[in-house]
Structure formats: C-alpha cells, structure tokens
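# Coordinate inspection notes
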Amino acid sequence: MDNGITLFVQRAINCQFACNMCFDACLEEPDVNMLVDCIRYDRECADICGIAVDFVGRKGTLTKEILEACIKSCVNCAQECEKHEHMQHCQDCAVACNECADACRAIR
C-alpha cells in the first residue's frame, strides 16, 4: 500500500476515534447546550472519516468527492473544537481533524 494512503488511513481512523471521544466527553460536560454544535460536528466528522477510509480502500467512483467532504468536515470540526480551548478532548480532536484534513489533501 502506498505510504500516502497508509498515512491517510491512520489519520482518518485516529480522527474518527478522537471525534467519538470528544462527542462522548461533550455529553458529560456541565453545559451540554453550549456544545451542541461541537457534538454535531464530531458526529459528522467521525462518520465521514469512516466512509472516506472505505471509499479509498475500494477505490470507489466517488472517492474524490468523499475526500473533499472529509476535508470540509474535518476543518469545520477542528474550528469548532478550537473554540473550546479549556477542554482537552476538544483540543485533541482539533489536532486529529487538522491532521486528517492534511492527509486527505495529500491523496485526493
């Protein structure tokens, strides 16, 4: 497997995991209502990362479009998570999202 693809898969799975962890941790925060957008972006990003890995692995006909959607979702999620600098789970998620977006850009 190509090194760029391998890196993408690793970063996408890491991003999916970080988004799911952030989503779950946000639900445990005292002011969940303040985190509604973060939770939504986490869920969307986790889902599209998994889908992107699937499409890249089987060379799907919509792979480029899926990677573009993954980039957009990762960027949106990172930007939202970066707003919550006092929450480590959000900061970890933002890093994973930015790394995944970069990996998507490298293989599209």
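The sections below set out a description of the structure shown in this document. For every chain, the first residue of the written sequence is number 1, and numbering continues from 1 onward in sequence order. For this predicted model, a pLDDT threshold of at least 70 governs which residues receive local features, and a threshold of 80 or more governs which side-chain atom pairs are given and counted, while totals over whole chains, interfaces and linings are taken from all residues. Each side-chain value is derived from all of the structure's non-hydrogen atoms; neither hydrogens nor water enter the calculation.

## Some points on the overall build of the chain
When helices and strands are tallied, the chain shows four helices and zero strands. Expressed as lengths along the three principal axes of its C-alpha atoms, the size of the chain is roughly 45 × 20 × 15 Å. For the exposure calls, accessible area comes from a 1.4 Å probe over protein chains only, and a residue counts as buried if that area is under 20% of its type's maximum, exposed if over 50%, partly exposed in between. Per-residue burial over the chain gives 41% buried out of 108 residues. Carbon together with sulfur atoms contributes 51% to the accessible area of the chain, which is approximately 6,100 Å² in total. The charge count treats Lys and Arg as positive and Asp and Glu as negative. His and the chain ends do not count. Here the site of a charge means atom NZ of a Lys, CZ of an Arg, CG of an Asp or CD of a Glu. Once the 10 positive and 18 negative side-chain charges of the chain are each reduced to a mean point, those two points are 10 Å apart. Strands are runs of DSSP state E lasting at least 2 residues, helices are runs of H or I lasting at least 4, and numbering of each runs from the N terminus. For accessible areas, the Shrake-Rupley method is used with a probe of radius 1.4 Å. Any residue's cover is judged against the shown protein chains and nothing else.

## What about the packing of aromatic side chains?
Describing an aromatic ring pair means giving the distance of the ring centres and the angle of the ring planes. Here a pair means two rings of Phe, Tyr or Trp (six-membered ring of Trp) with centres within 6.5 Å. Their orientation is stacked below 30 degrees between planes, edge-to-face above 60, and tilted elsewhere. Overall, the coordinates contain zero aromatic pairs when judged by the stated rule. Placement of a positive charge over a ring is assigned whenever Lys NZ or Arg CZ falls within 6 Å of the ring centre and within 35 degrees of the normal to the ring plane. The aromatic ring of Phe55 is capped on one face by Arg58, whose charged end is 4.9 Å from the ring centroid.

## As for helix α1 (residues 3–28)
A helix is expected to span 1.5 Å multiplied by its residue count minus one. Helix length check: α1 (26 residues) gives 38 Å between terminal C-alpha atoms against 38 Å at 1.5 Å per residue, within 8%. Along α1, the residues classified as buried are Phe8, Ala12, Cys15, Ala18, Cys19, Cys22 and Cys26. Taken together, the buried residues of α1 touch α2 (36–58), α3 (63–82) and α4 (88–107). Polar contacts, as counted here, are pairs of nitrogen or oxygen atoms within 3.5 Å of one another; within protein the pair requires one atom able to donate a hydrogen and one able to accept it, and residues that are adjacent in sequence qualify only if both atoms are side-chain atoms. Two or three places before Gly4, at the start of α1, stands the capping residue Asp2, its side-chain oxygen 2.5 Å from that residue's backbone nitrogen. Any two residues having at least one pair of non-hydrogen atoms within 4.5 Å are treated as being in contact.

## So, the side chain of Thr63
Within the element layout of this structure, Thr63 appears in helix α3. A distance of 3.3 Å separates a polar atom in the side chain of Thr63 from the backbone oxygen of Phe55. Apart from residues lying up to four places away in sequence, Thr63 is in contact with Phe55 and Val56.

## Notes on the packing of α1 against α2
Packing of α1 against α2 leaves a shortest axis separation of 8 Å and a crossing angle of 155°. In terms of orientation, α1 and α2 fall into the roughly antiparallel class. In terms of crossing hand, the pair formed by α1 and α2 is left-handed. Each residue gets one of three labels, nonpolar for Ala, Val, Leu, Ile, Met, Phe, Trp, Tyr, Cys and Pro, charged for Asp, Glu, Lys and Arg, and polar for the others, Gly among them. Counted by class, the contact of α1 with α2 contains 19 nonpolar, three polar and two charged residues. Note on definitions: angles span 0 to 180 degrees between N-to-C directions of axes, and those axes are lines fitted to C-alpha atoms, for helices only across the stretch in contact. Throughout this description, any angle smaller than 35 degrees is read as roughly parallel, any larger than 145 degrees as roughly antiparallel, any in the 65 to 115 degree range as roughly perpendicular, and the remainder as oblique. In this scheme the crossing of two helices becomes right-handed for a clockwise turn of the near helix relative to the far one and left-handed for an anticlockwise turn of less than a right angle.

## Observations concerning unusual backbone geometry
With phi around 50°, Lys59 is a residue other than glycine that occupies positive phi space. With respect to the helices, strands and loops of the structure, Lys59 is situated in the loop between α2 and α3.

## Here's the deal with α2
In a regular helix each residue adds 1.5 Å, so 23 residues correspond to 33 Å; α2 covers 34 Å between its end C-alpha atoms and thus fits that length. Burial in α2 covers these residues: Cys38, Ile39, Asp42, Cys45, Ala46, Ile48, Cys49, Gly50, Ala52, Val53, Phe55 and Val56. Those residues of α2 hidden inside the fold are in contact with α1, α3 and α4. Immediately downstream of α2, the backbone of Lys59 shows phi near 50°, a positive value.

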